[in-house]
Amino acid sequence: LFYLADAQIFPGLSDKLKVMLDQLERCQKALTDFLEAKRSSMPRFYFIGDDDLLEILGQAKKPEVIQSHLKKLFQGIHKVQFNDGCTQITAMVSSAGEVVALETPVAVNEKVEDWLELLALALSLTRCLRDDKFDWGYPAQILCLAQQVKFTTQAEDALTQGSGRDALQDLHASLNDTLRGLTSTDFTGEPLYHLKMKSLVLDIVHQIDVVDQLLKKKCRGLGEWVWKKQLRYYMERDKAVVRMSDASFAYTYEYQGNAPKLVHTLLTDKCYLTLTQGMHMGFGGNPYGPAGTGKTESVKALSACMGRQVLVFNCDEGIDFQSMGRIFIGLVKCGAWGCFDEFNRLKEDQLSAISQQIQVIQDSIKTRSSPIELLGRSINVDFNAGIFVTLNPAGKHYGGRSKLPDNLKALFRPVAMGRPDNELIAEVNLITEGFTQAKDLASKIVSLFKLSKQLLSTQQHYDWNLRALKSVLNSGGRIIQTYKLEGQTVTTDMEYEILIKAIRVNTLPKLTFND
């Protein structure tokens, strides 16, 4: 180092270093401009880092290398299938192994951003909806969508008939028969069909509940609030449309894979209604409340109901308005939803700048005007985009949270997420897993968790809320499926033993010695 600093041995070193630094900065700027150009042609590239994007562009001639990055760009795709010469993509595959053949194969070439954009357009699943016959071979997403459209049509037919109550009771009986048929079907050794069945069962259980509400309120017509407040699906000009109260949204057919669904509760319905009415008026949504109440999951579930891509971002102090602006550009260009978790962890000075960007986007969506100006660039807007934020309360249990400024609060419709109905959630989950004594088991396990919370010591790592309950129910489901796979007949007594086993596996290792 002393030798390096000697001007006689290395004359003009200072000038040389300045030139090298200048060249390096110019290289960095050129690279940034190049990546920005690629992101402009394929907006989903905004959601991955520079390292991943460089690997995708650098390995453009090797589609099999790009496979590993697909799940970062498309939430439902785990991998794709190529033809023999690896020149065309013929099908997409979900993480559960569901294969969906593309109606028009996508040609693969060296311009990776072009064929990825074509793949994004090829994901539309409209073809399957044209078939009237129920077929387990169809994607779970389309089976559920077709069931929703069918239910809306049947319910509206029943409501418009003169003998409304009798027609609704017939529909109730028909749905119960369908539910019994699905839950009694043996899908042992067919994990993919079992997942499809679980999704359908969750929807049908909710539809039975909707009919119960209509009967209880003596609903007589389509204009009554008890029917208008439901999430309803219609086919218009061969396209699915989702309605809730006065709000109407196009179903966008983004392939969702086999993501697990949420159990519908009163809290879910309240959240959906607030978020949809907020979007109808041009605002975002803001579910707030303690951890584990389903804030993020509700936003993700609503996006799946509308066939949207949703991206969840965890906010922290390191995010500034520039990086947030880039995320917003990606969202509005590809019509995706962004859910910003723990939004009030951002610094207050950044929140103010971010609120300006959000306001520009919301005004554009509300007035259906495009393009807009973001970060000094002109951006075309896909009006299906949406921005949601979730908050934990600012208080002693949640450090590093600030209160949102009023100009930012005004851009979002708030919905308080209270305590979820754990008993109903447990019961419906157990029904879908194949437990016959679901009601009794759900009541017992929820009571056990409640007592554990009250009677055991208070520890930092203890969790007796919904997340822990769900992991126990999922373990119970896996155990009962293993028993059935081995050919064992699961009796009523065995169901209790299975659930106790699942509780022990998930709970005992984390308890302190005294507990």
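Further up the page is the structure itself.
### Concerning the packing of helix α15 (residues 422-433) against helix α17 (residues 466-485)
One can describe the packing of α15 onto α17 by two numbers: an axis separation of 10 Å at closest approach and a directional angle of 15 degrees. Our classification of the angle between α15 and α17 gives roughly parallel. Judged by the twist between their axes, the crossing of α15 over α17 is right-handed. Contacts from Asn422, Ile425, Ala426, Asn429, Leu430 and Glu433 in α15 reach Leu466, Leu469, Lys470, Leu473, Asn474, Gly477, Ile480 and Gln481 in α17. When the residues that make up the contact of α15 with α17 are grouped by side-chain class, the tally is seven nonpolar, five polar and two charged.

### Considerations on the sheet that holds strand β3 (residues 99-107)
Strand order in this open sheet of three strands is β1-β2-β3, and the pairing throughout is antiparallel. Edge positions in the sheet fall to β1 (79-82) and β3, since each has one partner strand and no second. Direction aside, neighbouring strands of the sheet carry axes that sit 30 degrees apart on average. By the bridge criterion, four bridges tie β1 to strand β2 (residues 88-93) in an arrangement that is antiparallel. Looking across to β2, one finds that Lys79 is bridged to Val93.

### Some remarks on the nonpolar core
Judged by nonpolar contacts, the single largest core of 34 residues is most densely connected at Met324, Phe328, Phe340, Phe343 and Ile358. Of all the secondary structure elements, the ones that give two or more residues to this core are β8 (310-314), α12 (321-334), α13 (348-367), β10 (372-374) and β12 (386-389). Ranked by residue count, the leading element in this core is α12, at seven residues. Once you skip the residues sitting within four places of it in the chain, Ile358 turns out to touch Phe328, Phe343, Ile387, Leu408, Leu411 and Phe412.

### Concerning helix α11 (residues 295-305)
For α11, the tally of buried residues reaches eight of eleven residues, placing the bulk of the element in the interior. Lys295, Thr296, Ser298, Val299, Ala301, Leu302, Ser303 and Cys305 are the residues of α11 that are buried. Positive phi shows up at Gly307, right after α11, with a value of about 65 degrees.

### So, the layout of surface pockets
In this model, the second largest pocket occupies a volume close to 1,000 Å³. Along the walls of the second largest pocket sit 27 residues, with Ala291, Lys453, Asp463, Trp464 and Asn465 positioned nearest its centre. Residue assignment for the lining of the second largest pocket shows that the elements contributing at least two residues are α15, α16 (438-455) and α17. Per-element accounting of the lining of the second largest pocket gives the leading share, five residues, to α16. Looking at the lining of the second largest pocket residue by residue, the class counts come to eleven nonpolar, eleven polar and five charged.

### Some thoughts on the packing of aromatic side chains
What characterises a pair of aromatic rings is the spacing of the ring centres plus the angle enclosed by the ring planes. Inspection of the entire model under this criterion finds ten aromatic pairs. Arranged with centres 6.5 Å apart and planes meeting at 50 degrees, the rings of Phe47 and Phe313 form a pair that is tilted. Within this pair, whereas Phe47 is found in the loop between α1 (13-41) and α2 (50-58), its partner Phe313 is found in strand β8, the two being separated by 266 residues in sequence. Phe47 sits in the buried class, given a relative accessible area of 16%. Ring plane angle 85 degrees and centroid distance 5.6 Å describe the contact between Phe449 and Trp464, whose orientation is recorded as edge-to-face. Here the residue Phe449 occupies a position in helix α16, and Trp464 occupies one in the loop between α16 and α17, the gap between them amounting to 15 residues. Given the relative accessible area of 10%, Trp464 is considered buried. An aromatic cluster is built from Phe47, Phe313, Phe328, Phe340 and Phe343, whose rings are joined through pairwise contacts.

Conventions adopted
Residues numbered from 1 in each chain as written. Predicted model: local features only at pLDDT ≥ 70, side-chain atom pairs only at ≥ 80, totals over all residues. Heavy atoms only, no water. Axes fitted to C-alpha atoms, helices over the stretch in contact; angles between N-to-C directions. Helix = DSSP H or I, 4+ residues; strand = E, 2+ residues; numbered from the N terminus. Parallel < 35°, antiparallel > 145°, perpendicular 65-115°, else oblique. Left-handed = near helix turned anticlockwise from the far one by under 90°. Contact = heavy atoms within 4.5 Å. Nonpolar A, V, L, I, M, F, W, Y, C, P; charged D, E, K, R; others polar. Pairing = 2+ DSSP bridges. Core = buried A, V, L, I, M, F, W, Y, C linked by side-chain atoms within 4.5 Å. Buried < 20%, exposed > 50% of the residue type's maximum accessible area, 1.4 Å probe, protein only. 1 Å grid on protein atoms, 1.4 Å probe; cavity = no way out; pocket = protein on both sides within 12 Å on 5 of 7 lines; lining within 4 Å. Points joined across faces, edges and corners; volume = space filled by probe spheres on them. Phe/Tyr/Trp six-rings, centres within 6.5 Å; stacked < 30°, edge-to-face > 60°.

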